[in-house]
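# Residue-level structural notes
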Amino acid sequence: PYMLAYVVFTGIPFLIAFGLSFVNVKFITKLDNIKFVGLDNFIRFFKSPEALAALWRTFEYSLIYVPLIMVLGFVLAVLLNKGVFMKKSIRAMTFLPYVSNMVAVAVIFKLLLGQGGPIYGIMQSLGMQEPPLLLLDQTWALPTVVVISVWKGVGLNMITYLAALQDVPAELLEAAQLDGANKWQQIKNVVIPKVSPTTFFLLISSILTSLQNFTVIQALTGGGPGQATTVMSVNIVRTAFTKYETSFASAQAMIIFAIVMIITLIQWRGQKKWVNY
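Residues numbered from 1 in each chain as written. Predicted model: local features only at pLDDT ≥ 70, side-chain atom pairs only at ≥ 80, totals over all residues. Heavy atoms only, no water.

## Remarks on the overall build of the chain
The number of helices and strands found in the chain is 13 helices and zero strands. Starting at the N terminus, the α and β elements of the chain follow one another as α-α-α-α-α-α-α-α-α-α-α-α-α. Taking the principal axes of its C-alpha atoms as reference, the chain extends roughly 75 × 50 × 35 Å. When each of the 277 residues of the chain is scored for burial, the buried share is 42%. Once local pairs closer than 6 in sequence are excluded, the contacts in the chain between residues at least 24 apart make up 68%. Carbon and sulfur atoms make up 69% of the accessible area of the chain, which totals about 16500 Å². The average position of the 20 basic charges and that of the 11 acidic charges among the side chains of the chain differ by 4 Å. (Helix = DSSP H or I, 4+ residues; strand = E, 2+ residues; numbered from the N terminus. Buried < 20%, exposed > 50% of the residue type's maximum accessible area, 1.4 Å probe, protein only. Contact = heavy atoms within 4.5 Å. Areas by Shrake-Rupley, 256 points an atom, 1.4 Å probe, with all protein chains shown as cover. Lys, Arg positive; Asp, Glu negative; His and termini not counted. Charge placed at Lys NZ, Arg CZ, Asp CG, Glu CD.)

This is the structure:
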């Protein structure tokens, strides 16, 4: 059943998008007018300042999101693994945003970050005469969206790391402690190598998640202010369903697919040097 659903809802649409990227289809195009245009849509992408800017913003988003959610997820897992008061309740509260509805999260953060909101008031109390409206500021909008996205998704990384930490042999930590290793040295030389397969898995999934960012951006900023948060996912949807340029949107989707494949292949090759099974 899974394979059947995967083929119908993912495999076939992917093949259709791949084929559309090499023709001249718009949202409504007669079959008689469809022509094979080869690589024209891809060439157009690399000549379009708007599309290239969206691609660069996508890289910016990922470069902030991936390290932040990886490090924060690991730190929270270590802190909540043992020795914390009410650790089960804190784990549940940390994981809760992950299963929350993104639209509801967006509404709450718009109220928190808007003019007259509590965060705006805190910035004023710290001496800022005219605090920026973080979701409406050209400079701060994208980093703010990334931080909100990390807050929402870090619970999954934390829970996954927690499961991995349960499998770290206690005798290794005890041996390191007897050898005079402090807490940081135990984490660096014992814990991190032992959870490296989990780190590898989360690294790939976090990169994929950082590229699947349409929902969070559409809910929080709609791609604005201006083009400040218009990443590739938003640009693809706009191209397909606002400008009705179906083939050009498909070409952009194929470019993102190619980038993901290259990154994943590099990671698979590189994991042999730092992943310990």
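## Quick notes on the nonpolar core
By size, the foremost hydrophobic cluster in this structure holds 41 residues, and its most contacted members are Y61, V195 and L220. Sorting the residues of this core by element identifies α3 (49–81), α5 (102–113), α7 (141–165), α8 (170–178), α9 (183–194), α10 (196–211) and α11 (214–220) as the ones contributing at least two each. In terms of residues, this core owes the most to one element, α7, which gives eleven residues. Contacts of V195, omitting those with residues within four sequence positions, involve F74, Y161, A164, L165 and V168. In this structure, A240, F248, A249 and I256 belong to the second largest nonpolar core, which totals 19 residues. (Core = buried A, V, L, I, M, F, W, Y, C linked by side-chain atoms within 4.5 Å.)

## Considering the environment of L165
Among the secondary structure elements, L165 is positioned in helix α7. You can call L165 buried: its relative accessible area is 9%. Separated by 84 residues in sequence, L165 and N81 have C-alpha atoms that sit 7.4 Å apart. The residues contacting L165, other than those within four sequence positions of it, are A77, V78, N81, V191 and V195.

## Let's talk about the side chain of T198
Mapped onto the secondary structure, T198 falls in helix α10. What T198 contacts, discounting residues up to four positions off in sequence, is T160, Y161 and A164.

## Section: the pattern of salt bridges
The tally for this structure, following the rule as stated, stands at three salt bridges. Across the salt bridge formed by E245 and K26, the nearest N and O atoms sit 3.9 Å from each other. Highlighted residues: E245 in the loop between α12 (232–241) and α13 (246–274) and K26 in the loop between α1 (2–20) and α2 (40–47), separated in sequence by 219 residues. The exposure class of K26 is partly exposed, given its relative accessible area of 43%. R44 is the partner of E245 in a salt bridge, and the nearest nitrogen-oxygen pair spans 2.8 Å. You can see E245 sitting in the loop between α12 and α13 and its partner R44 sitting in helix α2, a full 201 residues away along the chain. A residue is classified by how much of its surface remains accessible, and E245, at 15% relative accessible area, is buried. (Salt bridge = Lys/Arg side-chain N within 4 Å of Asp/Glu carboxyl O.)

## Some words on unusual backbone geometry
The omega torsion of the bond from G224 to P225 falls at -5°, within 30 degrees of zero and hence cis. Among the structural elements, P225 can be located in the loop between α11 and α12. Residues other than glycine seldom take positive phi values, yet M86 does so here, at roughly 60°. Counting through the fold element by element, M86 comes out in the loop between α3 and α4 (87–95). Since its relative accessible area comes to 47%, M86 is described here as partly exposed. Of note, Y244 is a non-glycine position whose phi angle comes to about 60°, a positive value. With respect to the element layout, Y244 can be found in the loop between α12 and α13.

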